[in-house]
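# Coordinate analysis (summary)
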Amino acid sequence: MATYAHLAAKLLRDAATFFRNVGAQNQPLKEQMDDNASVYEQVADLVENDPTGILDLGDEGEAPKK
């Protein structure tokens, strides 16, 4: 059975493939596109393996303290 997490992971992997294709066709952008693709693939892995996992952003993700 497909879940929203499966769909999200597929879309992320498709985006990674897109970035790799852009990089393959545009050498000056290749490194940046490959980096983007790697990030999207890592997030796809996270979504597939732990769809309700908590992302620890440290203080960045918290509301300001009074």
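See the structure printed just above.
Not measured: the values here are computed from a predicted model.

Another point: the overall build of the protein chain. A tally of regular secondary structure across the protein chain gives 2 helices and 0 strands. A burial count over the protein chain gives 14% of its 66 residues as buried. Split by element, the accessible area of the protein chain, about 5,600 Å² in all, is 57% carbon and sulfur.

Nonpolar side chains collect at one region of the surface, where V39, Y40, V43 and L46 lie side by side and expose about 330 Å² of accessible area between them. With respect to the secondary-structure elements, L46 resides in helix α2 (residues 30–49).

A complete count under the given rule lists 6 salt bridges for this structure. For D14, the salt bridge goes to K10, with nearest N and O atoms at 2.9 Å. Of the two residues, D14 and K10 are both situated in helix α1 (residues 4–25); the distance of 4 residues between them amounts to about one turn of the helix. A salt bridge links D45 to R13; the nearest nitrogen and oxygen atoms lie 2.7 Å apart. Residue D45 is found in helix α2, and its partner R13 is found in helix α1; the two are separated by 32 residues along the sequence. Exposure remark for D45: the relative accessible area of 34% places this residue in the partly exposed category. Judged by its relative accessible area of 28%, R13 is partly exposed. Look at the salt bridges and you will find they share partners, linking R20, K30, D34 and E41 into a network.

The end-to-end C-alpha distance of α1 is 32 Å, a good match for the 32 Å that 22 residues give at a rise of 1.5 Å each. What α1 keeps buried is the set A5, A9, L12, A16, F19 and G23. Summarising the axial view, the buried residues of α1 lie within an arc of 80°, below the 170-degree limit, and thus occupy one face. Counted as exposed and oriented over 90 degrees from the buried face of α1: Y4, L11, F18, A24 and Q25.

Rules of the game
Residues numbered from 1 in each chain as written. Predicted model: local features only at pLDDT ≥ 70, side-chain atom pairs only at ≥ 80, totals over all residues. Heavy atoms only, no water. Helix = DSSP H or I, 4+ residues; strand = E, 2+ residues; numbered from the N terminus. Buried < 20%, exposed > 50% of the residue type's maximum accessible area, 1.4 Å probe, protein only. Areas by Shrake-Rupley, 256 points an atom, 1.4 Å probe, with all protein chains shown as cover. Patch = residues over 30% accessible without salt bridge, like charges linked within 9 Å, V, L, I, M, F, W, Y side chains within 5 Å. Salt bridge = Lys/Arg side-chain N within 4 Å of Asp/Glu carboxyl O. Expected span 1.5 Å × (residues − 1). Arc of directions from axis to C-beta.

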